[in-house]
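If you want the building blocks of each chain, they are given just below.
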Amino acid sequence: MDEEEPPPKRTKHPGRKRTRRIESWKRKKSSILRNSGHEYTDRKGKVHQRKELKPYNHQCRYKCNEKIDEEKRQEFFNSYWSLGSWELQSSYLNSAVNIGAPNKKKDGAVRGKSFSCQYNLGNVRVCKEFFLKTLDLSNKRITNVASKKHISKTGIPPRDKRGRKVPTNKIVQEKTDLVKEHIAMFPRYSSHYSRHQNPNRKYLDSNLNIKKMYECYKLFCEDRGVEPTTVSYYRHIFNTCFNLTFHRPHTDTCNTCDKLQNTIEHGDKEAKVAATTAKEFHLRQAESAKTEMEHVKKEVKDDPTHVAICFDLQKMLPTPILTCTRIYYSRQLWTYNFNVHDICTGNAFMFMWHEAQASRGCEEIVSCLLQYIKSFPPTVTHLTAFSDNCGGQNKSHITVKFWLHVVNTTNIETIDLKFLLTGHSYNHCDRDFGKIENIKRNTKRGVYVPDDWMEIIAGASKKFMVKKMSDEDFVSLEAIHKFYVKSVKGISKMQWLQFRKNHPWTLFYKTTFNKDLPFSEYSMIAKNPGRIPTQLPPLPPKTNKKKIKASKYKDLLDLLQFVPPVHHKFYRSLDYQGNTLTRQGQSREDQPCEEHPHHEEDNIELENFFDSDSD
């Protein structure tokens, strides 16, 4: 008999609730051991010995011992118990046992049994005792298989029904589908922060919770004339069938710290010692990053030629913000806020735009930084910038090319870009965002358009200066890509980047903040750049304007009935995908709008949205 196989790996689960590992249950383990012929303990605590080939030597009319030797018996025994499944073993027994009419007595009378059995091992007929001893089975096991085969009209026994009985209080599938349909009606979004760790996790509005969703579900069922399920079952479907959670103020956690702490708590002795040392070194690195910021602050204090900043992008701000339940089912317009904080003066420069103007990618970030740098007086020749270690937006070949362009085209001679350790990057920008959250939480004014967000942020502190980004403020780096390499190898490990005016085609970098170590060099010039100009051209404005999805535009029009009329023109003038599919002879502002279909899919033709006259 083969050794016990390890339990299968955990399978993926569509919901946010953790997967049940049935294979690790004590009761399931006992069942696997029993079906494999191993020793096991039942629920009553009784120990059952492992199955073994029983010796059996006798003289019968079938001459079993002569036809099947001990080696062959062992093969039959191993093959049977290696199946490891009750149903497969029952199927084998069903094929090995033939059912026939009961034998009659000499006087023609029928015996007291309703059928007779013939037992076979392979193609050899054997007696019942030899069959049971070879497979180490009880008489009841064979009797059950034979009885079911005799009752069946086709000779195939019915499937084992143990554990498959439908509960009497089982909720009908129609109600389950209705709960799923209602949960799917709520718009969901990808997180800016956990996209890498949880690519399948989606987020609902921060004002929502399961209790509010259930209240909306009861109204949903009332409109349809259906009795709602309980809140516990609604929560069960939400947790097991959907990978959803709710937006909350973001707090970074360090993956390295969490991983090392888990090893310290649950690893073996050697692993704990190594993890403790690694964590202490990691925390010293994080502390050195914070110390570096304080040290730069002291350097800049009395130096008018040196400016130190930190910058970060705030979480997305929704508009309009309403109290009616319709807002939960509708997609909202996102407003972006990019903060550049002057470490020395404490002034915060907020660059704001909405998603119908531009996205929140790398070029949008450097466009805001360019607007900030343009405000420098000619005396500024040194810039030190701190940011979180965010690949793509803050740390990519595009940002490297941008900073090289800055030292090439402005009065700044040296730029130091330093990346704080992921999970330990709580800085001045986070404090500014906290003030904004507190002001918004306590204010009672309505937020209907992005300009309302700008007024709230401008009033949150005297040191907050808001800059409304126009379409012309967003620049494109396509014009300078041909002069530089396509990528920067190893940039993920770089912690300190330096750009110098006297070396406009070289990236200087370090993997630590240690000032005693020399900078390494990385050539940024392309292999075949063509003719290199003495001074790079200015960055042109972006020509491809961002458009929102047509389904989002439809949702925004649906919400206008709850928005003051003074703001209607703003929403109707937004550019959206497929805006050429309007009715002939009817402007976009005059088109009516039907009820929201509540579908998550966004690729819907716009002409299908305007089939009724309700706005």
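About the cut-offs
Residues numbered from 1 in each chain as written. Predicted model: local features only at pLDDT ≥ 70, side-chain atom pairs only at ≥ 80, totals over all residues. Heavy atoms only, no water. Helix = DSSP H or I, 4+ residues; strand = E, 2+ residues; numbered from the N terminus. Buried < 20%, exposed > 50% of the residue type's maximum accessible area, 1.4 Å probe, protein only. Contact = heavy atoms within 4.5 Å. Areas by Shrake-Rupley, 256 points an atom, 1.4 Å probe, with all protein chains shown as cover. Salt bridge = Lys/Arg side-chain N within 4 Å of Asp/Glu carboxyl O. Pairing = 2+ DSSP bridges. Axes fitted to C-alpha atoms, helices over the stretch in contact; angles between N-to-C directions. Parallel < 35°, antiparallel > 145°, perpendicular 65-115°, else oblique. Left-handed = near helix turned anticlockwise from the far one by under 90°. Nonpolar A, V, L, I, M, F, W, Y, C, P; charged D, E, K, R; others polar. Arc of directions from axis to C-beta. Phe/Tyr/Trp six-rings, centres within 6.5 Å; stacked < 30°, edge-to-face > 60°. Lys NZ or Arg CZ within 6 Å of the ring centre and 35° of its normal.

Peer 1: Please clarify how the overall build of the protein should be interpreted in this entry.
Peer 2: A tally of regular secondary structure across the protein gives 18 helices and 18 strands. Of all 615 residues assigned to the protein, the portion counted as buried reaches 42%. Residue pairs at least 24 apart in sequence account for 68% of intrachain contacts in the protein once pairs closer than 6 positions are excluded. About 35,100 Å² of surface is accessible on the protein, with carbon and sulfur atoms providing 50% of the total.

Peer 1: Got a minute to help me understand unusual backbone geometry in this structure?
Peer 2: Trans peptide bonds make up the majority, and among non-glycine residues the majority have a negative phi. Looking along the chain, the bond that leaves Thr-319 and enters Pro-320 is cis, with omega of -10 degrees. Tracing the backbone shows Pro-320 in the loop between β10 (317-319) and β11 (333-342). The backbone phi angle of Asp-136 is positive, close to 55 degrees, even though this residue is not glycine. Mapped onto the elements of the fold, Asp-136 is located in the loop between α5 (128-135) and α6 (139-151).

Peer 1: Even after reading the chapter, I still don't get the pattern of salt bridges, so can you show me in this structure?
Peer 2: Note on pairing: side chains with opposite charge can pair once their charged atoms come close. By the definition in use, this model includes 14 salt bridges. For Glu-437, the salt bridge goes to Lys-315, with nearest N and O atoms at 3.7 Å. One end of the pair, Glu-437, is in helix α14 (residues 428-442); the other, Lys-315, is in the loop between β9 (306-313) and β10, and 122 residues separate them in sequence. Overall, the relative accessible area of 22% leaves Glu-437 in the partly exposed class. What makes Lys-315 partly exposed here is its relative accessible area of 24%. Note that Lys-468 is salt-bridged to Asp-451, the shortest N-O span being 3.2 Å. Residue Lys-468 is located in strand β15 (residues 464-468), and its partner Asp-451 is located in helix α15 (residues 450-458); the two are separated by 17 residues in the primary sequence. Residue class for Lys-468 comes out partly exposed when judged on its relative accessible area of 48%.

Peer 1: Before we go on, may I ask you to explain the environment of Phe-464 in this structure?
Peer 2: Relative to the helices and strands, Phe-464 is located in strand β15. In the structure, Phe-464 is positioned 116 residues away from Ala-348 in sequence and 4.9 Å away in space, judged by C-alpha atoms. For Phe-464, the contacting residues outside a window of four places in its chain are Ala-348, Met-350, Asp-432, Lys-435, Ile-436, Ile-457 and Ala-458.

Peer 1: I tried to follow the sheet that holds strand β4 (residues 116-121) on my own but got confused; where do I start?
Peer 2: In a beta sheet, neighbouring strands pair by backbone hydrogen bonds and run either parallel or antiparallel. Spatial ordering of the open sheet is given by β3-β4-β5, a layout of 3 strands whose pairing is antiparallel. For this open sheet the edge positions go to β3 (97-100) and β5 (124-126), each flanked by a neighbour on one side alone. For this sheet, the mean angle separating the axes of adjacent strands, direction not counted, is 40 degrees. Both β4 and β5 contribute to a ladder of 3 bridges, which runs antiparallel. What sits directly across from Tyr-119, in β5, is Val-126. Those strands touched by α5 are β4 and β5, and its axis lies near 50 degrees from that of β4.

Peer 1: I would appreciate a short explanation of the pairing of β9 in the present structure.
Peer 2: Taken residue by residue, a regular strand's side chains alternate between the two faces of the sheet. Burial runs high along β9: 8 of the 8 residues are buried. Side-chain alternation along β9 places His-306, Ala-308, Cys-310 and Asp-312 on one buried face and Val-307, Ile-309, Phe-311 and Leu-313 on a second face that is also buried. The sheet contact formed by β9 and strand β13 (residues 382-388) spans 5 bridges and is parallel. Looking at the pairing, Ile-309 lines up with Ala-385 of β13. Of the strand pairs in this sheet, β9 and β11 are connected by 5 bridges, and their pairing is antiparallel. What sits directly across from Cys-310, in β11, is His-341.

Peer 1: Mind showing me how you'd approach the packing of helix α7 (residues 173-184) against helix α8 (residues 210-224) here?
Peer 2: Packed helix pairs are characterised by how far apart their axes lie and by the angle those axes make with each other. At a minimum axis separation of 10 Å, α7 and α8 run at an interaxial angle of 120 degrees. Comparing their axes, α8 and α7 come out oblique. Considering the relative orientation of α7 and α8, their crossing is right-handed. Of α8, the residues touching α7 (which contributes Leu-178, Val-179, Glu-181, His-182 and Ile-183) are Met-213, Cys-216, Tyr-217, Phe-220, Cys-221 and Arg-224. Within the contact of α7 with α8, the residues separate by chemical class into 8 nonpolar, 1 polar and 2 charged.

Peer 1: Can you walk me through the packing of α7 against helix α9 (residues 231-241) in this structure?
Peer 2: Direction vectors running N to C along α7 and α9 enclose 65 degrees, while the axes themselves pass 10 Å from each other. As the angle between them shows, α7 and α9 are arranged roughly perpendicular. You can see that α7 and α9 cross each other, and the crossing is right-handed. Contacts between α7 and α9 involve Thr-176, Val-179, Lys-180, His-182 and Ile-183 from the former and Tyr-233, Tyr-234, Ile-237, Phe-238 and Cys-241 from the latter. Residues that form the contact of α7 with α9 fall into these classes: 7 nonpolar, 2 polar and 1 charged.

Peer 1: Any chance you could explain helix α4 (residues 86-96) here in plain terms?
Peer 2: For an α-helix the count is 3.6 residues per turn, leaving residues at separations of three or four pointing the same way. Here α4 has its buried residues at Gln-89, Ser-90, Leu-93, Asn-94 and Ala-96. One face of α4 carries all of its buried residues, which in axial projection span an arc of 165 degrees. The inward-facing, buried residues of α4 abut α1 (26-35), α3 (70-81), β3, β4, α5 and α6.

Peer 1: Help me out: how do you make sense of the packing of aromatic side chains in this one?
Peer 2: The description of an aromatic ring pair uses the distance of the two centres, along with the angle that the planes make with each other. Enumeration over the complete set of coordinates arrives at 18 aromatic pairs. Between the aromatic rings of Tyr-214 and Tyr-234, the centroid separation amounts to 5.8 Å while the plane-to-plane angle is 75 degrees, which identifies the pairing as edge-to-face. Here Tyr-214, found in helix α8, pairs with Tyr-234, found in helix α9; they are 20 residues apart in sequence, far enough to count as distant. By relative accessible area, which is 12% here, Tyr-214 ends up buried. According to the relative accessible area criterion, Tyr-234 is buried, its value standing at 0%. Members of the aromatic cluster, each reached through a chain of ring pairs, are Tyr-80, Trp-81 and Tyr-92. Over the aromatic face of Trp-496 sits the side chain of Lys-418, whose NZ or CZ is 4.1 Å from the ring centroid. One residue, Arg-500, lies across the ring of Phe-519, its end atom 5.6 Å from the ring centre.

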